[in-house]
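One letter stands for each residue in the lines below.
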Amino acid sequence: MKPYDYVLVGSGLYSAVFAYLAKQKGKKCLVIEKRNHTGGNVYCENIEGIHVHKYGAHIFHTSNKKVWEFVNSLAEFNRYTNSPVANYKGEMYNMPFNMNTFSKMWGVCTPAQARAKIEEQRSSVTGEPKNLEEQAISLVGRDIYQKLIKGYTEKQWGRDCKDLPAFIIKRLPVRYTYDNNYFNDLYQGIPIGGYNVIIDKLLEGCDVETGVDYLENKDHYDSLGEKIVYTGPIDVYYNYRFGKLEYRSLRFETELLDQENYQGVAVVNYTDRETPYTRIIEHKHFEFGVQPKTVITREYPETWSQGMEPYYPVNDEKNQELYQRYAALAEKEAGVIFGGRLGEYKYYDMDKVIESAMKKAEEELV
């Protein structure tokens, strides 16, 4: 008998939820983590009493009642509503694109006037949109595309909008109401006290090791568990057998400011091409903070290379084909469960990660 039922590689939401559910079924779990802290990218750092989202803004939203009830059983959530603002060379616009945006952009005041303006500007795109630029213009017209989409998207992906696939912004929210709530989901909020409250609760009763690399000590850790739950990059697990999957990475520049309120909102997107960062996050606004100081983070998108943190899978045809080859190997892998954003090479919202871990635990823990 091995000492653990499961050795979980990585301590983000997928691993933590799976471990929690396994533990409830009387299973013994060892969680190992490369970083020096648990929680993966939802980890929060406490600076001057402000919970700083160390790896970018994490706003919890879902329409899945079961997931919402689950996270609320772990922590109390506040009423935070995501209402980011776009800054185009000093001009401020509401997001997502709604009547406030259209009114500021064109001076219109009714949905009919806004529709007419967009209709007039989208006529330049004929047939099925061939790329992201055409898709954006057909959704919101040329003015909004030029000011609020083009520069931001090109910084984010490191490529011209004409060279990006249309599907990336197919679900771009466009509303003909004066509603600045970015998400359409039924439930939304931030855990009071930050995400560490949830992770700590999920990992209670598990053995946890941080600062260790599973793949460097694979035989050792494999010998400790009946099964492995692997949430690292799938191509790294197979030592890049078929080649490297591509990602976009991010660099964060965090600053403590001796002022109470820097930008008046949690997230401001910088949509011009010249500003090198895509957005500034002011963390205290996630929890309606009244601390005398504030912490801001500038987010710079970067081309990923080995050794950097992989954030966004590049979901183009070439990478999907490559991932399918790794997925075929993973399916044959007895005793290993691949999960999460990196294990499944998939951009996951937090609720979808939790949903996926719950589903896998349900299949496993019978």
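Before reading on, note that the structure itself is shown above.
Residues numbered from 1 in each chain as written. Predicted model: local features only at pLDDT ≥ 70, side-chain atom pairs only at ≥ 80, totals over all residues. Heavy atoms only, no water.

(A) Fine view of the environment of Asp222. By the secondary structure assignment, Asp222 is in helix α7 (residues 218-222). Dropping the residues within four chain positions of it, Asp222 is found in contact with Lys2, Tyr214 and Ile228. At a separation of 2.7 Å, a polar atom in the side chain of Asp222 contacts the side chain of Tyr214. (Helix = DSSP H or I, 4+ residues; strand = E, 2+ residues; numbered from the N terminus. Contact = heavy atoms within 4.5 Å. Polar contact = N/O pair within 3.5 Å; in protein donor to acceptor, adjacent residues only side chain to side chain.)

(B) Region of interest: the environment of Glu253. Along the chain, Glu253 turns up in strand β11 (residues 247-257). Note: C-alpha distance between Glu253 and Leu329 (76 residues apart in sequence) is 38 Å. In contact with Glu253, not counting residues within four places along its chain, are Ile296, Thr297, Arg298 and Tyr300. Among the polar contacts listed, one links the side chain of Glu253 to the side chain of Tyr300, at a separation of 3.2 Å.

(C) Expanded view of the sheet that holds β11. With mixed pairing, 7 strands are arranged side by side in an open sheet as β7-β6-β12-β13-β14-β11-β15. Each edge of the open sheet carries a strand with a single partner, namely β7 (91-94) and β15 (312-313). Judged from the 2 bridges that link them, β11 and β15 form a sheet pairing that is antiparallel. Across the sheet, the residue bridging to Tyr247 is Pro313, located in β15. Along the sheet, helix α5 (residues 132-157) makes contact with β6 (85-88), β7, β11, β12 (267-270), β13 (279-282), β14 (294-303) and β15, crossing β6 at roughly 90 degrees. (Pairing = 2+ DSSP bridges. Axes fitted to C-alpha atoms, helices over the stretch in contact; angles between N-to-C directions.)

(D) Region of interest: helix α1 (residues 13-24). In a regular helix each residue adds 1.5 Å, so 12 residues correspond to 16 Å; α1 covers 17 Å between its end C-alpha atoms and thus fits that length. The element α1 is extensively covered by neighbouring structure, given that 10 of its 12 residues are classed as buried. Here α1 has its buried residues at Leu13, Tyr14, Ser15, Ala16, Val17, Phe18, Ala19, Tyr20, Leu21 and Ala22. Gly26 sits one or two residues past α1 and shows a positive phi near 80 degrees. (Expected span 1.5 Å × (residues − 1). Buried < 20%, exposed > 50% of the residue type's maximum accessible area, 1.4 Å probe, protein only.)

(E) Quick look at the packing of helix α3 (residues 99-106) against α5. The N-to-C vectors of α3 and α5 enclose an angle of 90 degrees; their axes lie 11 Å apart at closest approach. One way to sum up the angle between α3 and α5 is to call them roughly perpendicular. From α3, Thr101, Phe102, Met105 and Trp106 reach across to α5, where they touch Val140, Asp143, Ile144, Lys147 and Leu148. Along the lines of polarity and charge, the residues of the contact of α3 with α5 split into 6 nonpolar, 1 polar and 2 charged. (Parallel < 35°, antiparallel > 145°, perpendicular 65-115°, else oblique. Nonpolar A, V, L, I, M, F, W, Y, C, P; charged D, E, K, R; others polar.)

(F) Representation of the pattern of salt bridges within the structure. Going through the model one piece at a time under the given rule, you end up with 22 salt bridges. With a shortest N-O distance of 3.7 Å, Glu45 and Lys54 are connected by a salt bridge. Here Lys66 ties to Glu362 by a salt bridge, and the two come within 3.4 Å at their closest N and O atoms. Residue Lys66 is located in helix α2 (residues 65-72), and its partner Glu362 is located in helix α11 (residues 350-364); the two are separated by 296 residues in the primary sequence. (Salt bridge = Lys/Arg side-chain N within 4 Å of Asp/Glu carboxyl O.)

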